[in-house]
Every structure is written in C-alpha cells, then in structure tokens.
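What follows is the residue order along each chain.
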Amino acid sequence: MSLPVLNYILPEDEESDSDSMELNRTRSRTKDFSEMDNEDFFGVKVKDKHADTLGVDAKEFDNKKIKNLRAEDSGPYDGYQINKNVFVTIEREPQTGYMFYVVHEPKLFPEEEQLLEESSEPVYNALERKPVSSFTDNEEKMEFIENEFEDYINKFSLSLPVVNKLRRFLSRDIAYDIDDEGLNNVKYYINREKVMYSKITPLLMDNKIEDITCPLGPNSPVFVYHEDYGYIITNIAFERDELDNFVRSLANRGNKTVSKSEPILDASLPEGDRLHAQYQTEVTPNGTTFTIRRMNDELLTPVDLIKYGTFNTRQMAFKWLAIENQKGVFAAGGTGAGKTTTLNADLLFKPPEEKAVSIEDTPELTLNESNWTNLVTRDGLQESDSKGMKELFTGALRMRPIHIPVGEARDEVIQEAFEAMNSDHTVYATFHAQNMKTIIRRLENNGVTEKEQFTLDIVCFQERMNDGSRRVNELIEIVDYDTETETLEKNVLWEWNPHEEEYEFKLDDITDSNIIQEIIGNGYTEEEIHRELEARETILNYLIENDIEDSDKINEMFNSFYRHKAEGDSNDPYETKTLKQIQNDEVKFLAGDEQ
C-alpha cells in the first residue's frame, strides 16, 4: 500500500528564521495550547520528534478558515493539547486529501538529549530495584522516577547562581545549561519509555482516540480511530526490531507471552484496554502488527446512553424492570457498536443483593457492588494449566449465581450459556451479529436447538453510525417457539426511524409485550406495570436533568430504590422514600447515609 507523505516545505527565509529560533533557545513549540491564541498555535514551525516517519512539519494556518475547509484545502485542520508536553494537530495532505493525526512532542536540544542518555540508566535501575508491590499505579511510578531524576541531577548540578532560569550541570568535564522546561521534557521521555507506552503514549493519553492499530507492520504508519474524524493516519511508525520489542513489552504488561511458537496474542493491558497482536512473520507476512481497543476510564451508565441517544428513557425503564425480574439481555451488533458498554450499563440495574458471577476471556465487565465474582480465562504453559471458558462456566454454576454476565458469547461457550438459561439462570452477553438470522445460524452451528433458543429474552441490535455515535436499530423480545413450524416468534418492541430520527414503539401498549406479561404473572396488574415503568422513568429523568453522571451515585440511587421498595407497605413505587425525595427535591448523595 502506498501512503501519502505530508511534505510542508518552508520557504528559505522561514527556514533561516526557524534555525535562528533554535539558536536563540526559543521553545514556542512547547507552549501551552491553552495559553496560545489560534494564530500563534497554528503558526508554530515544528520539527516533530517523529517527523522522519512522514516528513511532517506544522504549517502556518489561519484558524478562521477551519469551518470552511473544502477537500482541496490543506494544513492544520484542528489542534488541541494532550498534556503540558504534547499537542496534536489534525492535518489534511493537500494533494490526496488524506487526513493525518500529527503528534508534536518536545524536541530536545543536544544537551538535553545528553542528560536523557546519562540519567536514564541509573533512574531505571533504581526503579527495577523497587518491588512491584511498592506501586499501586503508574502515577506512583512516575513520582518515584521524578524523585530519582531530581536526585541524579542534583549530584551534577553546579552551585552557581541561577541565570535566566538556567541550571548548570557538569558532565564529562563539560558544563552545560538547561532550563526548567528542558528538565521537564527530559522527565517526560524517561517516563514515556519506562512507565508509559513509548511512541504511542500520546495516543493513549488522548481521550478522543478509540482504537490504535499498526496494521501494515514495521516501517509503516500507525492508524487511530478518532471520535471526530474516524480512521486517520498518524505520523508514528516503528522499525522492525523496535516493533517486535514493543509488542513483547505489551504482552508482558498483560501478563502474557508472545513468541514464534505462539505468535497470536490476546491480552488486557493494566488500564483495561484490549490488545490483539500477531508476532513477526509467522502469521503476518509483513511482520508484527498490533491493535489496541481503548476502554473508557469511567463506567458509562444508563444515564450516559440516554444522553448519547443510544437508548431512550422508556427503553431503559423497560430493561430495568425486566432485569429486576431476572430477564436476560443480549447486546448484538458489529465491531465497535458499543455492545460491551451497553452490557455494563444494563448490569447497574441488577438488584444489589442478588449474586452475579461473570465469565470473560478478557476483563471488560464492571459491576458497581460487592456481590459479584469475576472469572477470567487463563493461558498456561501446558494445556492442563489453562482455564478456558467452559471450565469457568462449570465452576460458576456451582456458585449458584442468579446472574451470569458472559462478556462475548463466543462459539466455545454458547452451548453452556443456553444450558444455564434453561436452568433458570439469567445470562447477559454480547453477540457479534447484526440481525436475528445471524444469531440463530450461530446458535444452530453450536448445537443450540430452536427450542433451547426460546430461553432468549431480550436482544438489542446496535450499530455504529457514521458520526461515531451508537444507535439501537431494534429492541426485540423472543415470544414463543412454534412446535409445528419449529421456528422462533419475536416481537419488535422498538425500531429506529432514521427519517423521523426517533424510536418507534411497535406494539399498541407496553403490556402487550411478552416479557411484561410474564412479569404480570408474578403478581402485578397492568396498571401497576405502568406505574413501575413511570417511576423508573422519573428516576432516570431526574438523574439526566440534574447532570448526575457519577456511576457510584447512580448505583446508589438504583439501590436505594430497591431498598425502599422492600421496606415500604405499598405496592405503588411512587410511595417509596426514593420517589418522594425526588418529587420534593430532597435527594442527597452522601456515602453511608440514607437518601
């Protein structure tokens, strides 16, 4: 594949100015984006740290034109600060129209590069001598490195007056001066290489990046999926040995190994991001490749999904009531459709006292309460040491859980999942399928009969839209199994209408739903069902209108509703303490206190 090269050539007189700026120690390239006006930011002449990969320089650009760019326009299109050391620009290559994600890291002056080279080894050695248990997270590691770095430079710092905010150091009988910003830049690279993720560190710091992939192997650019621009090319690339070493280090961080004998790697990084890689040329002729799928730092809740338009409030209230009554939910769709996000949000509706045991290949599920056991598969050096999904499922059933979230329903565990559903366990899973026919085909291929398929309750079919948002195209329920035709009957409860841009409810009344009829069989009247759904909508709307997004507070609200329902004398949910507090605007979120 031939990729375009950004090639912004500065005029000769501007080249000279740029050189003179270097000699005058100007650090405009590392100025804080928040302190710069747009004209200044886009006017910076940057020789990027990785510029040799794609020949990238930032080009002077009038920010007033950003909203009026056409396909033939070029230059910086957007830009923002990642942290105090790094900013990025989104640039359009003028000839092809390709969009580029350009990382701008600080370029070290020669004396700073010398300090980085000399200080790295003693600082890293000090870190290696510390037990792993000494650090709870990367921030503690970086703080330790910073202290060790300060100790190192203090040994070589000359006791001379500080002139122009420069510090003087003596190394190899040569005195040189470095300012505070230069020291911070050196510390950035020390942390980047030892604690963080080398060249892709800025990509992992950018919350707008959803996927990071090196699909073409060494000496080819890394791609990212940006929430605003989709898949775009970066100015980052790895050489062959560098890429091999990097993927081995990623495997180590995920407590896995990768080698020529085991060239395919699936792992979860410490931050929760999912890693998939192929090592060297064993299965990928071009060499090592990797993909990192980012996971949100914070759990997205039902409130978030309503705000984003993935679901509406009525749909969420329906799922809440269904899950409370032990009806399982499958989230189905293509890659990146938000299936796991939906599954995590749905699990917040689980009554807190009911036991859950989750089973996963890669840890992705989070339940915000204590009565939850999380089981994760393990790869062993020998087959007898490995613990697969089937074995974990057997162990999970012995724990007598009510709820079993499975993560992704892969072929090797589908049969076990449906056997659990047939024995009255509530199973939740994500399913890689975009319609019911595909789900049925996969179930049949894995030995699940159509009669067993009837144990499915709710399926949400999701899609990733062109603008990066997620949408539920259909929310369906399984109604019956027809013994004569040996087929499943389903109800489409809600369907997305792209022309009206709204969800259409497809039944005459919510009580026509098969799920609701089964819940009515537990002792509700139709009127009470409507009150139950309206009460849940009231709670969700309160959380939305008051911008309550913290998952712990939302979980606290849900749990208090369950608790107050159990304590109350009335079957009317509006008589619970939770609803009365909402109606009187008396809700307080205080840890350990009653609401």
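Reading guide: rules and limits
- Residues numbered from 1 in each chain as written.
- Predicted model: local features only at pLDDT ≥ 70, side-chain atom pairs only at ≥ 80, totals over all residues.
- Heavy atoms only, no water.
- Helix = DSSP H or I, 4+ residues; strand = E, 2+ residues; numbered from the N terminus.
- Contact = heavy atoms within 4.5 Å.
- Salt bridge = Lys/Arg side-chain N within 4 Å of Asp/Glu carboxyl O.
- Buried < 20%, exposed > 50% of the residue type's maximum accessible area, 1.4 Å probe, protein only.
- Expected span 1.5 Å × (residues − 1).
- Core = buried A, V, L, I, M, F, W, Y, C linked by side-chain atoms within 4.5 Å.
- Bend = angle between axes of the 7 residues up to and from the residue.
- Phe/Tyr/Trp six-rings, centres within 6.5 Å; stacked < 30°, edge-to-face > 60°.

J.: Explanation requested: the side chain of Glu-416 in the structure shown.
T.: Following the sequence through the fold, Glu-416 ends up in helix α13 (residues 411–422). Those residues in contact with Glu-416 that sit more than four places away from it in its chain are Lys-390 and Phe-393.

J.: Any chance you could explain the pattern of salt bridges here in plain terms?
T.: Where side chains of opposite charge bring their charged atoms close, a pairing between them can arise. Taken as a whole, this structure holds 25 salt bridges when the rule is applied. Measuring nitrogen to oxygen at the nearest pair gives 2.4 Å for the salt bridge that ties Glu-518 to Lys-327. Taken together, the positions of Glu-518 in helix α16 (residues 514–520) and Lys-327 in the loop between α10 (313–324) and β12 (329–333) put the pair 191 residues apart, joining distant regions of the chain. Among the residues examined, Glu-518 registers a relative accessible area of 33% and is labelled partly exposed. Residues joined by salt bridges that share partners form a network here, namely Glu-324, Glu-532, Arg-536 and Lys-565.

J.: Help me out: how do you make sense of helix α17 (residues 526–545) in this one?
T.: For an α-helix the count is 3.6 residues per turn, leaving residues at separations of three or four pointing the same way. The end-to-end C-alpha separation of α17 is 28 Å, in line with the 28 Å expected for 20 residues at 1.5 Å each. Of all the positions in α17, only Ile-529, Glu-532, Leu-533, Ala-535, Arg-536, Glu-537, Ile-539, Leu-540, Tyr-542, Leu-543 and Ile-544 are classed as buried. Packed against the buried residues of α17 are α9 (302–307), α10, α16, α18 (551–567) and α19 (577–583). Positioned one or two residues after α17, Asp-547 has a phi angle of 50 degrees, which is positive.

J.: For this particular structure, what's the right way to read the nonpolar core?
T.: Note on soluble globular proteins: their nonpolar side chains tend to be buried together. Within the largest apolar cluster, 56 residues are counted, with the highest numbers of intra-cluster contacts made by Tyr-101, Ile-200, Leu-203, Ile-212, Phe-290 and Ile-292. For this core, the element with the highest residue contribution is helix α4 (residues 110–129), accounting for six residues. Counting 55 residues, the second largest nonpolar core, distinct from the first, contains Ile-306, Cys-460, Leu-540 and Met-557.

J.: Where do I start with α4 in this structure?
T.: Over its 20 residues, α4 runs 30 Å from end to end, which matches the ideal 28 Å to within 8%, given 1.5 Å per residue. The sharpest bend along α4 measures roughly 35 degrees and falls at Ser-119, with the proline Pro-122 sitting one to four residues further on. Looking at α4, one finds that the buried residues are Glu-111, Glu-112, Leu-115, Leu-116, Glu-118, Ser-119, Ser-120, Val-123, Tyr-124, Ala-126 and Leu-127.

J.: Got a minute to help me understand the packing of aromatic side chains in this structure?
T.: Two descriptors summarise a pair of aromatic rings, namely the distance from one centre to the other and the angle between the planes of the rings. Tallied over the full model, the rule gives 16 aromatic pairs. Taken together, a centroid distance of 6.2 Å and an interplanar angle of 80 degrees make the contact between Phe-238 and Phe-290 edge-to-face. You can see Phe-238 sitting in the loop between β8 (230–237) and α8 (240–253) and its partner Phe-290 sitting in strand β11 (residues 289–293), a full 52 residues away along the chain. Here the two residues Phe-238 and Phe-290 agree in accessibility, since each one is buried. Aromatic side chains Phe-330 and Phe-431 sit 6.0 Å apart centroid to centroid with 25 degrees between the ring planes, which places their arrangement in the stacked category. Of this pair, Phe-330 sits in strand β12 while Phe-431 is found in strand β16 (residues 426–432), placing the two residues 101 residues apart along the sequence. In this structure Phe-330 comes out as buried when scored by relative accessible area, which is 2%. Residue Phe-431 is classed as buried on the basis of its relative accessible area of 0%.

No statement about biological role is implied by the geometric values presented.
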